[in-house]
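# Topology and contacts: notes
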Amino acid sequence: MSYTIGFQARNQKSILATEAATANQAVAIIAALRQSADEIKFIRSPQEGEMGIEMLLLLAKEEAEEMPQRA
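Residues numbered from 1 in each chain as written. Predicted model: local features only at pLDDT ≥ 70, side-chain atom pairs only at ≥ 80, totals over all residues. Heavy atoms only, no water.

### What about the sheet that holds strand S1 (residues 3-8)?
Pairing between the strands of a sheet is mediated by backbone hydrogen bonds and can be parallel or antiparallel. In spatial order, the strands read S2-S1-S3-S4; together these 4 strands make up an open sheet with antiparallel pairing. Because the sheet does not close on itself, it has two edges, and the strands there are strand S2 (16-20) and strand S4 (49-51). The average angle at which neighbouring strand axes cross in this sheet is 30°, direction not considered. Here 5 bridges tie S1 to S2, and the two strands are oriented antiparallel to one another. Its bridge partner lying in S2, Ile 5 is registered against Thr 18. Along the sheet face, helix H1 (residues 23-35) touches S1, S2 and strand S3 (39-45) and points at about 10° away from the line of S1. Of the strands in this sheet, S1, S3 and S4 touch helix H2 (residues 53-66), which is tilted by about 105° from S4. (Pairing = 2+ DSSP bridges. Helix = DSSP H or I, 4+ residues; strand = E, 2+ residues; numbered from the N terminus. Axes fitted to C-alpha atoms, helices over the stretch in contact; angles between N-to-C directions. Contact = heavy atoms within 4.5 Å.)

Take a look at the structure:
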């Protein structure tokens, strides 16, 4: 499932967006954006619609559980 993260960079007026192929990648992008003091404006998925960070974390956890474990 793909995700679009909209954010506003510090001292910028425009909202930028970036794509992530998985929920785990989206969580990593959000963590990086938070460290650089960018403000998260939206998280969107074609399947889920608009969501908050808590919902994204839940989806990332479910995604990790569905991934086959390596021996």
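So, next bit.
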